[in-house]
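What follows is each chain in one-letter form.
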Amino acid sequence: MKKKRIACLVLLVLGLQLISAQTELEGITSTLMDYIEGTANGEPDRVKRAFHPELNLYSIRNDSVNVWYGQDYTGGISDGKKSNRIGRIVSIDYENDAAMAKIEILMPNAKRVYTDYLMLLKYQGRWTIIHKSYTYVNYPE
């Protein structure tokens, strides 16, 4: 009888961990989709919701680190103006209240594929992108 209780307790704990993990992944995915869909569909409020107000974007330009202020980035998204970009989540990894994600953005007009590396924190009860570094490759000719 004692073994059955222990087994039930172990299964209950594992089940609760699985539910918690699923909930966290859903929260992270929701934030990432606010960013992906918000930029594609001209929804600056969704992008602002995804990004921490102090977020900056980092890339390499002419062998130097280029910083793009997040508020300038979100300020450049026009409400209702769709852009020809197709995004997808490549991977998500998280532990407790910290996460990182890899996103690919296909830009057919520019003939580029961007790769975004995003860092997220669970801040004030919700997942928020706090850092973005990115690069791109041109389509093969």
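One can find the structure itself at the top, above this paragraph.
Read on for a plain summary of the structure. (Residues numbered from 1 in each chain as written. Predicted model: local features only at pLDDT ≥ 70, side-chain atom pairs only at ≥ 80, totals over all residues. Heavy atoms only, no water.)

1. Quick look at the layout of surface pockets
In this model, the largest pocket occupies a volume close to 420 Å³. Among the secondary structure elements, those contributing two or more residues to the lining of the largest pocket are α1 (2-40), α3 (70-75), β4 (98-107), β5 (112-123) and β6 (126-138). The residue inventory of the lining of the largest pocket, partitioned by class, reads nine nonpolar, five polar and six charged. By volume, the second largest pocket is sized at about 170 Å³. Residue lining of the second largest pocket: S59, I60, R61, R112, Y114, Y134, T135 and Y136, and that is the complete set. Here the residues of the lining of the second largest pocket sort into four nonpolar, two polar and two charged. (1 Å grid on protein atoms, 1.4 Å probe; cavity = no way out; pocket = protein on both sides within 12 Å on 5 of 7 lines; lining within 4 Å. Points joined across faces, edges and corners; volume = space filled by probe spheres on them. Helix = DSSP H or I, 4+ residues; strand = E, 2+ residues; numbered from the N terminus. Nonpolar A, V, L, I, M, F, W, Y, C, P; charged D, E, K, R; others polar.)

2. Notes on the side chain of H52
Here H52 shows up in the loop between α2 (44-50) and β1 (56-61). The exposure class of H52 is buried, given its relative accessible area of 17%. Excluding anything up to four places from it in sequence, H52 contacts Y123, T128, I129 and I130. (Buried < 20%, exposed > 50% of the residue type's maximum accessible area, 1.4 Å probe, protein only. Contact = heavy atoms within 4.5 Å.)

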